[in-house]
Amino acid sequence: MFTLAEVASLNDIQPTYRILKPWWDVFMDYLAVVMLMVAIFAGTMQLTKDQVVCLPVLQSTVNSKAQPSTSGKADFTTVETTTGQGEDASMRTVSFGRTPTVTPDVPLSRATSPQYQPTESGQELKKEQKDSSGRKTNLDFQQYVFINQMCYHLALPWYSKYFPYLVLIHTIILIVSSNFWFKYPKTCSKIEHFVSILGKCFESPWTTKALSETACEDSEENKQRLTGAQSLPKYVSTSSDEGSPSANTPMITKSGFKFSADKPMIEVPSVTILDKKDGEQAKALFEKVRKFRAHVEDSDLIYKLYVGQTVIKTVKFIFILCYTANFVNTISFEHICNPKVEHLIGYTQFECTHNMAYMLKKLLISYISLICVYGFICLYTLFWLFRIPLKEYSFEKVREESSFSDIPDVKNDFAFLLHMVDQYDQLYSKRFGVFLSEVSENKLREISLNHEWTFEKLRQHVSRNAQDKQELHLFMLSGVPDAVFDLTDLDVLKLELIPEAKIPAKISQMTNLQELHLCHCPAKVEQTAFSFLRDHLRCLHVKFTDVAEIPAWVYLLKNLRELYLIGNLNSENNKMIGLESLRELRHLKILYVKSNLTKIPPNITDVAPHLTKLVILNDGTKLVVLNSLKKMTNVAELELQNCELERIPHAIFSLSNLQELDLKSNSIRTIEEIISFQHLKRLTCLKLWHNKIVNIPSSITHIKNLESLYLSNNKLESLPAAVFSLQKLRCLDVSYNSIALIPAEIGLLQNLQHFHITGNKVDTLPKQLFKCVKLRTLSLGQNYITSIPDKIGQLLQLTHLELKGNCLDHLPATLRQCQLLRKSGLVVEDHLFDTLPLEVKEVLNQDTSIPFANGI
């Protein structure tokens, strides 16, 4: 025997799942419990009280009442009233005659036996038995038990016997069908995750604060609309409206956070600062909701499973109703039984009564009524499932009631779960929508960020850079703290890996700000902030992965002087990704591009008339098309590094104002075109280092005004005399080649101040070298030099001398004559320094306040 509680446990679900149980599911669960009670009650009654009582149908039944008794003794028939299950149960003898009486409880076999004689001698008992009348069947107790059990199985309809069990089985199937989507592994995990997140979103302090802030904003806007707010002091641009951002320029336009140069800005009361723990929990919830949405929106398994189990319940209802209704009339109190056991009993037909018939019939009618109600609810559920598209969910109402207009609509299982929650309480989905909004997430980050990064903390991170400017570097933050814009004396601001950076109007307070770095930081600016940057910003560094990360307002900074672009400007199919027009950058002087260009972007020619320095640093991609260089007639400095150039581009020879050319890290093997440099009258610096040049043509003499020549890290084996005819040469760098001899003609370079020949094969130093009395830097390291002439003392202006890595065994004492040389400028092994006389070492160890250069 099992209890109702044990069976009802099949209907149990986790308490947290109640929010996914609409009213019809709850109602059907209660109906299922009632049907369980009906089944268990009927089963209990059947096991304890169900019985059939049978009497034989006599052949002379019709004439029995007309015949008088001839023996003077009354016939009587004993009717056994036991249950069909107890053979030793007590029995009562009931006489059917004119004066029915009840005998004492005695065994049936003794009461009907002719040999039985009553032991009592009372006259009243004898008189009672003498006056009794009835029909004698000559059946004993065991035969009645046999017939009762036989007719119970043969005469009763099967539905009367198995009705409780059928009801129990059907009810269990309906219960399982109702809650299968909570038990199935592939849906149970999603539902459990959803309910967990939903509960946390509902209880999160951020939900309350975000919604209250929305209400606060709405009330403030209405108040300002009615009374007319006074605008705050704002930055007024000194320039004309030219260069104003277009409609598609990424300015901040999200609701709840707007600023316009033409519209007064309203201060919205800030939200109460969250505890750090609450803020972190809210941030984690945003991430969980984002991942859960991506996971659940991919499929509609939960929706299909719920529809399937509803269809199964509906089909089950129709099936139960159809076959059960036919058996209502089969349950009756009286039954005729023909057991075909005449050889055992002596009778062929029995008339039986079923004592549970009326009770079972009433229970069956009750069960059919419950099933009908259950079925109509199933039909309503199907109507609800197919009446509206449950695989789509719109937060339109939430968007209208709040400032979070960016809450996205969801689909598939995510949408279906939200529809189910709405049947429980629509407040859940409203609070859940807060965590789907990027605006809400950004506001949370902003509040947490401002709480963490105070003015005092930011002041501690301000440092002095190499140019002695105050610099602040912010790295991997969720946004730009408001307190940054209170640092009014800041010169340089670096923002790195801040994807949601916003530059508000408060930046107009930073009057000293002239340099801005945006490293993987597509910052958005307000209108007033843009006006300030357009007029004040002088230097901008933008580092990006894709050209789309470059903010559109960058191309409108008309007072910008220096622009540094570092990122990918070339696509995989070798097609140029064009920059936007640079025409508005009318004062741009320096353009630095570090990318993977195959040709110079045509838009660079927009700034050609006023550009003075162009730097293109490739990642090894071959730069093929250089015709655009011809238009840059005012360029004074040109750098084309790591561009896989094999020759000096001819377009360079058209740059009449060129003063410095740097072709570092290319694949140049020959420089025969160098004769064409004679037309570049202003060229003073030529850098051909880190190439594959094997010789220097004699035509180099035509570059009369050359002051600096860098040929280090090539494959030179000698220095031609033509190099030493460049009388204006002040710096000569031929380090890390294969030069074995320094020509005596080097003495002709009377203006030479810096000579680098480190990492070659030089073994001797010509005496003419020391005629270059203006030498300040002399790098002779990593050669095969065995001795240093005493004439080195003639280099009175020498401040840096490198001798390390040679074959020297001592240093000349004449080093003391190099009045500007100190130990810090002498690069040599310690043991060689120790060979110097004590007075020389004392001179070299002296401090000096005279400034000098330590090389290049």
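As recorded in an unreviewed UniProt entry, the protein goes by Leucine-rich repeat-containing protein 8D and comes from Buceros rhinoceros silvestris.

Participant: Help me understand the overall build of the protein, please; the structure alone is not making it clear to me.
Facilitator: Each helix and strand in the protein was counted, giving 20 helices and 24 strands. Looking at the 856 residues of the protein, the share that counts as buried comes to 49%. For the protein, the share of sequence-separated contacts (at least 6 apart) that also reach a separation of at least 24 residues comes to 59%. Of the roughly 42200 Å² of accessible surface on the protein, a fraction of 53% belongs to carbon and sulfur atoms.

Participant: Help me understand the state of the cysteines in this model?
Facilitator: Here, disulfide denotes a covalent bond that connects the sulfur atoms of two cysteines. The tally for this structure, following the rule as stated, stands at 2 disulfides. A disulfide bridge connects Cys54 with Cys352, and the sulfur atoms are separated by 2.0 Å. When the S-S torsion is 110°, as for the bridge of Cys54 with Cys352, the disulfide is right-handed. Remark: Cys352 occurs in strand E3 (residues 350-354) and Cys54 occurs in strand E1 (residues 52-56); sequence separation between them is 298 residues. The residues Cys54 and Cys352 share a single accessibility class, namely buried. There is a disulfide in this structure between Cys151 and Cys337, and the S-S distance comes to 2.1 Å. Here the S-S torsion is close to -90°, and the disulfide linking Cys151 with Cys337 is therefore left-handed. Here Cys151, found in helix H5 (residues 141-154), pairs with Cys337, found in strand E2 (residues 334-337); they are 186 residues apart in sequence, far enough to count as distant. One exposure class covers both Cys151 and Cys337, and it is buried.

Participant: Looking at this structure, I do not really get the nonpolar core. What am I missing?
Facilitator: Soluble globular proteins tend to bury their nonpolar side chains together. Of all hydrophobic cores here, the largest spans 133 residues; its most connected members are Phe677 and Phe755. Among the elements that line this core, the one with the most residues is helix H18 (residues 527-536), at 4 residues. With sequence-adjacent residues up to four places away left out, Phe755 is seen in contact with Leu732, Val734, Ile742, Ile746, Leu769, Leu775, Thr777, Leu778 and Ser779. In terms of nonpolar packing, the next biggest core, distinct from the first, is built from 84 residues, Tyr323, Val398, Phe414 and Leu417 among them.

Participant: Which parts of the structure should I look at to understand the pattern of salt bridges?
Facilitator: Close approach of charged atoms lets side chains of opposite charge pair. Taken as a whole and judged by the stated rule, the model has 19 salt bridges. Close ionic contact of Lys687 with Glu660 constitutes a salt bridge, the shortest N to O distance being 3.5 Å. Remark: Glu660 occurs in strand E17 (residues 660-662) and Lys687 occurs in strand E18 (residues 685-687); sequence separation between them is 27 residues. Here the residues in one salt-bridge network are Glu287, Arg290 and Lys291, joined through shared partners.

Participant: Where do I start with the pairing of strand E15 (residues 613-618) in this structure?
Facilitator: The side chains of a regular strand alternate, first on one face of the sheet and then on the other. Taking burial as the measure, the 6 residues of E15 include 5 buried ones, the bulk of the element. Across 6 bridges, the pairing between strand E14 (residues 590-595) and E15 is parallel. Note on E15: the bridge partner recorded for Val593 is Ile616.

Participant: Looking at this structure, I do not really get the sheet that holds E2. What am I missing?
Facilitator: Strands in a sheet are paired, the pairing made by backbone hydrogen bonds, and the direction either parallel or antiparallel. Spatially, E1-E3-E2 is the arrangement adopted by the 3 strands of the open sheet, whose pairing is antiparallel. The open sheet has two edge strands, E1 and E2, and neither has a second partner. Direction aside, the axes of adjacent strands within the sheet are offset by 25° on average. Sheet topology note: the E2/E3 ladder contains 4 bridges and is antiparallel. Along E3, the bridge assignment pairs Cys337 with Phe350.

Participant: What exactly am I supposed to notice about unusual backbone geometry here?
Facilitator: Backbone geometry follows two general trends: most residues other than glycine have a negative phi, and most peptide bonds adopt the trans configuration. Look at Asn713: it is not a glycine, yet its phi comes out positive at around 55°. Secondary-structure assignment places Asn713 in the loop between strand E19 (708-710) and strand E20 (731-733). Given the relative accessible area of 30%, Asn713 is considered partly exposed. Residues other than glycine seldom take positive phi values, yet Gln782 does so here, at roughly 55°. Looking at where Gln782 falls in the secondary structure, it is placed in the loop between strand E22 (777-779) and strand E23 (800-802). Its relative accessible area of 43% is what places Gln782 among the partly exposed residues.

Participant: Mind showing me how you'd approach the environment of Val480 here?
Facilitator: Relative to the elements of secondary structure, Val480 occurs in the loop between strand E7 (470-475) and strand E8 (492-496). According to the relative accessible area criterion, Val480 is buried, its value standing at 10%. The residues contacting Val480, other than those within four sequence positions of it, are Leu449, Phe485, Leu495, Ile498, Ala501 and Lys502.

Participant: When you look at the UniProt feature "transmembrane region" (unreviewed entry) in the protein in this model, what are you seeing that I'm missing?
Facilitator: UniProt annotation of "transmembrane region" (unreviewed entry) refers to residues 27-47, 162-182 and 364-386 when read in the numbering used here. Within residues 27-47, the helical portion is 100% and the strand portion 0%, while the C-alpha atoms at the span's ends are 30 Å from each other. The annotated region residues 162-182 carries 100% helix and 0% strand content, and the separation between its end C-alpha atoms amounts to 31 Å.

Participant: Would you take a moment to explain helix H9 (residues 276-296) for this structure?
Facilitator: Three- or four-residue spacings in an α-helix give side chains the same orientation, since the helix completes a turn every 3.6 residues. With 21 residues, H9 should cover 30 Å at 1.5 Å per step; its first-to-last C-alpha distance of 30 Å lies within 8% of that length. All of the buried residues along H9 are Asp278, Gly279, Ala282, Leu285, Phe286, Val289, Phe292 and Val296. One face of H9 carries all of its buried residues, which in axial projection span an arc of 150°. Set apart from the buried face of H9 by more than 90 degrees, the exposed residues are Lys276, Lys277 and Lys291.

Participant: Hey, could you run me through the side chain of Asp25 in this one?
Facilitator: Note that Asp25 resides in helix H2 (residues 23-49). It turns out Asp25 is buried and unbridged, and the closest side chain with the opposite charge, Lys313, is 4.1 Å from it. A distance of 2.9 Å separates a polar atom in the side chain of Asp25 from a polar atom in the side chain of Tyr306. Residues in contact with Asp25, not counting those within four places in the same chain, are Tyr306, Lys313 and Met420.

Participant: Where do I start with the side chain of Thr187 in this structure?
Facilitator: Relative to the helices and strands, Thr187 resides in helix H7 (residues 185-203). For Thr187, a relative accessible area of 0% translates into the label buried. A polar atom in the side chain of Thr187 sits 2.8 Å from the backbone oxygen of Trp181. For Thr187, the contacting residues outside a window of four places in its chain are Trp181, Leu301, Ile302 and Leu305.

Participant: How do you make sense of the pairing of strand E10 (residues 515-519) when you look at a structure like this?
Facilitator: The buried count for E10 comes to 5 of 5 residues, which makes it a mostly enclosed element. Burial along E10 is two-sided: Glu515, His517 and Cys519 and Leu516 and Leu518, pointing in opposite directions, are all buried. Judged from the 5 bridges that link them, E8 and E10 form a sheet pairing that is parallel. Of the residues in E10, the one forming a bridge with Lys494 is His517. In this structure, E10 lies alongside strand E12 (residues 539-543), joined through 5 bridges in parallel fashion. Its bridge partner lying in E12, Leu516 is registered against Leu540.

Participant: I'm lost on a nonpolar patch on the surface in this one. Help?
Facilitator: On the surface, Trp23, Val26, Phe27, Tyr30, Val373, Tyr380 and Phe383 cluster together to form a nonpolar patch covering roughly 700 Å² of accessible area. Elements supplying a minimum of two residues to the nonpolar patch: H2 and helix H12 (357-387). Here the nonpolar patch gets 4 residues from one element, more than from any other, and that element is H2. Note that Tyr380 resides in helix H12.

Participant: Would you mind going over the packing of aromatic side chains with me for this structure?
Facilitator: What characterises a pair of aromatic rings is the spacing of the ring centres plus the angle enclosed by the ring planes. Enumeration according to the criterion identifies 29 aromatic pairs in this entry. Here the aromatic rings of Trp181 and Phe182 are separated by 4.5 Å at their centres, their planes lie at 40°, and the arrangement is tilted. Here Phe182 falls in the buried class, since its relative accessible area comes to 3%. The rings of Trp158, Tyr159, Phe163, Phe319, Tyr323 and Tyr367 are connected pair by pair, giving a single aromatic cluster. Here the guanidinium or amino end of Lys457 rests over the ring plane of Trp453, the centre of that ring lying 4.2 Å away. Between the NZ or CZ atom of Lys687 and the centre of the ring of Tyr710, over which it lies, the distance is 5.2 Å.

About the thresholds
Residues numbered from 1 in each chain as written. Predicted model: local features only at pLDDT ≥ 70, side-chain atom pairs only at ≥ 80, totals over all residues. Heavy atoms only, no water. Helix = DSSP H or I, 4+ residues; strand = E, 2+ residues; numbered from the N terminus. Buried < 20%, exposed > 50% of the residue type's maximum accessible area, 1.4 Å probe, protein only. Contact = heavy atoms within 4.5 Å. Areas by Shrake-Rupley, 256 points an atom, 1.4 Å probe, with all protein chains shown as cover. Disulfide = S-S within 2.5 Å. Core = buried A, V, L, I, M, F, W, Y, C linked by side-chain atoms within 4.5 Å. Salt bridge = Lys/Arg side-chain N within 4 Å of Asp/Glu carboxyl O. Pairing = 2+ DSSP bridges. Axes fitted to C-alpha atoms, helices over the stretch in contact; angles between N-to-C directions. UniProt positions renumbered as here; feature names shortened; annotations may be inferred. Expected span 1.5 Å × (residues − 1). Arc of directions from axis to C-beta. Lys, Arg positive; Asp, Glu negative; His and termini not counted. Polar contact = N/O pair within 3.5 Å; in protein donor to acceptor, adjacent residues only side chain to side chain. Patch = residues over 30% accessible without salt bridge, like charges linked within 9 Å, V, L, I, M, F, W, Y side chains within 5 Å. Phe/Tyr/Trp six-rings, centres within 6.5 Å; stacked < 30°, edge-to-face > 60°. Lys NZ or Arg CZ within 6 Å of the ring centre and 35° of its normal.

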